[in-house]
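# Topology and contacts: notes
Next come the chains, spelled out residue by residue.
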Amino acid sequence: MSGQQKAAVVFDRVSKAFGPKQVLRAVSFEVPVGETLCILGRSGTGKSVTLKLLMSLIKPDHGDIWVDGDEITQLNEAGLSKVRRKMGFLFQDAALFDSLTLYDNLALPLRRLTTKTQDEIDSIIDSVLGQVGLAGDKRKMPSELSGGMRKRAGLARALVLEPKILLADEPSSGLDRITASEIDELLMRQRAEHQTTILVVTHDVHGARRVGDRFAVFDKGDLVAFGTAAEVENSDHETARRLISEK
Amino acid sequence: MRQMAEIGSKSLPLVVASGFALGTVMTLHTRSTLVMFGAAAIIPTVQALAFFVEIGPLVAGLLLAGRVGSGIGAVLANMRATEQVDGIESLSIDAFKFLVVPRVVSCVLALPLLTLFMDFAGLLGGYLSEFAASRISFELYITRAFENVVLSNFLAPTLKTAVFGFIIGTVSSYFGYTTNEGAAGVGRAATNSVVVSSLLIILADVILVKCIFFVFPENAL
């Protein structure tokens, strides 16, 4: 893999099966630093698994995965911890810790993984919550937040350690078009201001076309199309063409 | 501290109420038999030995297996189902150390303390039951209750509940932490936590009683 040092993320012939179900089949792609890749595909085609493999929450059966120059499939927990520090993950349902306030959800990684003072932590949290429009809600419990607020809170938590790479699993699912658009704008602003590499799994083609530089289309565990919107529109694969053309 | 409060102080009303009720009922049952043999004076001693040696530790263990074991199993399984465990891992935080270790440690520390409350609540229930029947004074009841109790009667059985706490913490954490069945797994994890913890506590009790007899042979007399 010649591009391993330049790319933020490299998948090299990665396969993953759960029991008899082959979820990913020898998938390879690269995401250059500072670009946004939108991963599209029908449900159950391995999109979310791709993000979880990247975060090493699950291990591939075959293949190599490179993150910011480190091959992660053979790393021990200490090595993985260092790599994960470079990444932020916005989960589909935000995955906020329901026993902690929004403030404590964001403070947790700062307290555990940094040597920042309480004042610095307060300042960072105020800043990040301000970015996502939740500055006045930091004392609320996750159960008190609406779906859109939870998504923004999840995004705030993913950003609190200033990741180089942001992974977002269906950031607009279950949201109205306006709220989804606000999330898209937050992602675009994050990339513009911090040159963050972003991988977004989404079914929202409209949003994907707004935020994405490149698009990966999965179908039945195979990566069937990869490239810019124009390249995918001219793909040989009918599902890829239909997906990217949806309005 | 939060886990200690959750596991310890929130279980206190259940443990005290159960101990009190058991103590009352036990005196009601034993009194008629002991009176028949002219041994009413040893009712406090029987009550104290029964609670300190076996009833307090075992019942506290089983009650906590139900209340705390099901809680830990369900909470961790729910966190797994809602990706909160993955969320912790994604923040470079060791989810096992963050979620499991505090719960196991809290169970180990809380069980002996809760057992003490159960023992003394049982004695209090026994006293009130006996007072209603014979108008015995509290001082006399306590004197008789403790006159044949030695430290090993009290200390070893109370400390064995730390093992019960370890069983509850590890078993329920295991079922909660390792489930991968989504929402359906939450109920299953809670049920399995209670059933397996309770069985292992009873089994461990047999082994630990034999160990206590080995270390303190006078307790076996």
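From a predicted model like this one, the values you see are computed outputs, not experimental measurements.

Broken down by element type, chain A carries nine helices and 10 strands. In terms of C-alpha radius of gyration, chain A reaches 18 Å, essentially the compact-globule figure of 18 Å for 247 residues. Expressed as a percentage of its 247 residues, the buried residues of chain A come to 45%. Taking all contacts inside chain A whose residues are at least 6 apart in sequence as the whole, residues at least 24 apart take part in 64%.

Right, let's talk about the overall build of chain B for a bit. From N to C terminus, chain B includes eight helices and zero strands. Ordered by position in the sequence, the α and β elements of chain B form the string α-α-α-α-α-α-α-α. Residue burial in chain B is summarised as follows: out of 221 residues, 48% are buried. Across chain B, contacts joining residues at least 24 apart in sequence account for 87% of those joining residues at least 6 apart.

For the rest of this paragraph, the subject is the sheet that holds strand S6 (residues 87-90) of chain A. All names here are of chain A. Read across the open sheet, the six strands follow the order S6-S7-S8-S3-S9-S10; overall the sheet is mixed. Two strands in the sheet have a free side with no partner beyond their single neighbour: S6 and strand S10 (222-227). Between one strand and the next, the sheet's axes are offset by a mean angle of 15°, whatever the strand orientation. Pairing analysis gives five bridges linking strand S9 (residues 214-219) to S10, with the strands arranged antiparallel. Paired with Asp219 across the strands is Asp222, a residue of S10. Running over the sheet, helix H9 (residues 238-245) touches strand S3 (36-41), S9 and S10 and is turned about 130° from S9.

Turning to the packing of helix H3 (residues 43-81) of chain B against helix H5 (residues 95-134) of chain B, a few remarks are in order. How two helices sit against one another is set out by the angle between their axes and by the gap between those axes. All names here are of chain B. Interaxial distance between H3 and H5 falls to 7 Å at its minimum, and their mutual angle equals 145°. In the packing of H3 onto H5, the handedness of the crossing is right-handed. Tallied by class, residues from the contact of H3 with H5 come to 18 nonpolar, six polar and three charged.

So, about the interface of chain B and chain A. Taken together, the contact between chain B and chain A spans 10 residues of the former and 13 residues of the latter. When grouped by side-chain class, the residues that make up the side of chain B that touches chain A number two nonpolar, five polar and three charged.

What follows is about the environment of Val128(A). Residues and elements named next belong to chain A. Looking at where Val128 falls in the secondary structure, it is placed in helix H4 (residues 118-131). Remark: the alpha-carbon pair of Val128 and Arg157, spanning 29 residues in sequence, is separated by 8.3 Å. When neighbours within four sequence positions are excluded, Val128 is seen to be in contact with Leu106, Ala156, Leu159 and Val160.

Let us now look at helix H5 (residues 147-159) of chain A. Residue and element names in this part refer to chain A. An ideal rise of 1.5 Å per residue puts 18 Å on 13 residues; H5 measures up with 18 Å between its terminal C-alpha atoms. Counting buried positions over the 13 residues of H5 gives 10, a clear majority of the element. Within H5 the residues assigned to the buried category are Arg150, Lys151, Arg152, Ala153, Gly154, Leu155, Ala156, Arg157, Ala158 and Leu159.

Residues and elements named next belong to chain A. Take Arg13: it is sitting in strand S1 (residues 7-18). Judged by the 14 C-beta atoms lying within 10 Å of it, Arg13 is partly exposed. Residues Arg13 and Arg157, spaced 144 residues apart in sequence, show a C-alpha to C-alpha distance of 31 Å. Apart from residues no more than four positions distant in its own chain, Arg13 is found in contact with Ala26, Ser28, His62 and Gly63.

Once that is clear, we can look at the sheet that holds strand S5 (residues 70-71) of chain A. Residues and elements named next belong to chain A. Judged by pairing direction, the sheet is antiparallel, and its four strands sit side by side in the order S2-S1-S4-S5 without closing on themselves. Every interior strand has two partners, whereas the edge strands, strand S2 (21-32) and S5, have only one. As paired elements, S1 and S2 share eight bridges and run antiparallel to each other. Within S2, the position partnered with Val9 by the bridge is Val31. Against the sheet, helix H1 (residues 47-54) engages S1, S2 and strand S4 (62-67), with an angle of about 120° to S1.

Val9(A), Ile39(A), Ala156(A), Leu167(A), Leu199(A), Val200(A) and Val217(A) are the most contacted members of the largest nonpolar core, which has 75 residues in total. The greatest single-element share of this core, amounting to six residues, is contributed by S1(A). Counting 51 residues, the second-largest nonpolar core is a separate cluster that includes Phe20(B), Leu22(B), Met79(B) and Ile201(B).

Conventions used here
Residues numbered from 1 in each chain as written. Chains lettered and ligands numbered in written order. Predicted model: local features only at pLDDT ≥ 70, side-chain atom pairs only at ≥ 80, totals over all residues. Helix = DSSP H or I, 4+ residues; strand = E, 2+ residues; numbered from the N terminus. Rg over C-alpha atoms; globule rule 2.2 N^0.38 Å. Buried ≥ 20, exposed ≤ 12 C-beta atoms within 10 Å, placed from the backbone. Contact = placed C-beta atoms within 7 Å. Pairing = 2+ DSSP bridges. Axes fitted to C-alpha atoms, helices over the stretch in contact; angles between N-to-C directions. Left-handed = near helix turned anticlockwise from the far one by under 90°. Nonpolar A, V, L, I, M, F, W, Y, C, P; charged D, E, K, R; others polar. Expected span 1.5 Å × (residues − 1). Core = buried A, V, L, I, M, F, W, Y, C linked by C-beta atoms within 7 Å.

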